[in-house]
Amino acid sequence: MNNIIYVSSTVPESLYNEKISIDKKTDQQAQKFNRSVMQGFAQNDCVVKAVSYRKDFFMEKENFNEQGIEYYILSCKNIFYAIISSYKMVKELLKENDNTLVFCDVLNISV
């Protein structure tokens, strides 16, 4: 079984529909694409942990589990803090299993 850490701005679909405006067309497409990739990994017996950063709403650090993906949502006011927080979270998750692949959406901070 492979372990995957997927770093992006993607949040669970239920949280996205509840908290984030639907009129963000580019963000909506990025959400769908990244979620599809993660679901594909999960359906192929991979343990998927998503580290997500959102700047459009604030919430206490929460974890969600949806469709076989474990989400770690980080709420940050600025990009610098988001990068540091994401790095620390990934480093912490890597300690759990050293046989882990890390994927990072290169547009993570910009969306």
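Everything numeric in this text was worked out from a predicted model, so none of it was measured.

Quick word on the overall build of the protein chain
- Secondary structure summary: the protein chain contains three helices and five strands in total.
- A buried classification covers 43% of the 111 residues belonging to the protein chain.
- Looking at the protein chain alone, contacts between residues at least 24 apart form 62% of all its contacts between residues at least 6 apart.

Considering the pairing of strand β3 (residues 62-66)
- Two elements, β3 and strand β4 (residues 69-75), share five bridges in a ladder whose sense is antiparallel. Paired with N63 across the two strands is Y72, which belongs to β4.

Considerations on the packing of aromatic side chains
- Applying the stated criterion to the full structure yields two aromatic pairs.
- When the ring of Y6 is compared with that of F103, the centres are 6.2 Å apart and the planes differ by 25°; the resulting orientation is stacked. Of this pair, Y6 sits in strand β1 (residues 3-8) while F103 sits in strand β5 (residues 100-104); the two residues are 97 residues apart in sequence, bridging distant segments of the chain.
- Accessibility expressed as a relative area gives 6% for Y6, which makes it buried.
- Here the aromatic rings of F41 and F103 are separated by 5.2 Å at their centres, their planes lie at 35°, and the arrangement is tilted. Note that F41 is positioned in helix α2 (residues 25-43) and F103 in strand β5, a separation of 62 residues in sequence.
- Members of the aromatic cluster, connected to one another through ring pairs, are Y6, F41 and F103.

Considerations on helix α3 (residues 79-96)
- For α3, built from 18 residues, the straight-helix expectation of 26 Å at 1.5 Å per residue is met to within 8% by its first-to-last C-alpha distance of 26 Å.
- Listing the buried residues of α3 in full gives A82, S85, S86, M89, V90 and L93. The buried residues of α3 all sit within an arc of 130° when viewed along its axis, so they share a single face. Opposite its buried face, α3 presents the exposed residues F80, Y87, K88 and K95, each directed more than 90 degrees away.
- Where α3 is buried, its residues meet β1, β2 (47-54), β4 and β5.

Notes on the confidence of the model for the protein chain
- In the predicted model, the protein chain carries a mean pLDDT of 81, and the fraction of residues at 70 or more is 80%.
- When pLDDT is averaged over each element of the protein chain, β1 comes out on top at 94 and helix α1 (residues 13-19) at the bottom at 75.

Criteria and cut-off values
Residues numbered from 1 in each chain as written. Predicted model: local features only at pLDDT ≥ 70, side-chain atom pairs only at ≥ 80, totals over all residues. Heavy atoms only, no water. Helix = DSSP H or I, 4+ residues; strand = E, 2+ residues; numbered from the N terminus. Buried < 20%, exposed > 50% of the residue type's maximum accessible area, 1.4 Å probe, protein only. Contact = heavy atoms within 4.5 Å. Pairing = 2+ DSSP bridges. Phe/Tyr/Trp six-rings, centres within 6.5 Å; stacked < 30°, edge-to-face > 60°. Expected span 1.5 Å × (residues − 1). Arc of directions from axis to C-beta. pLDDT = per-residue confidence, 0-100.

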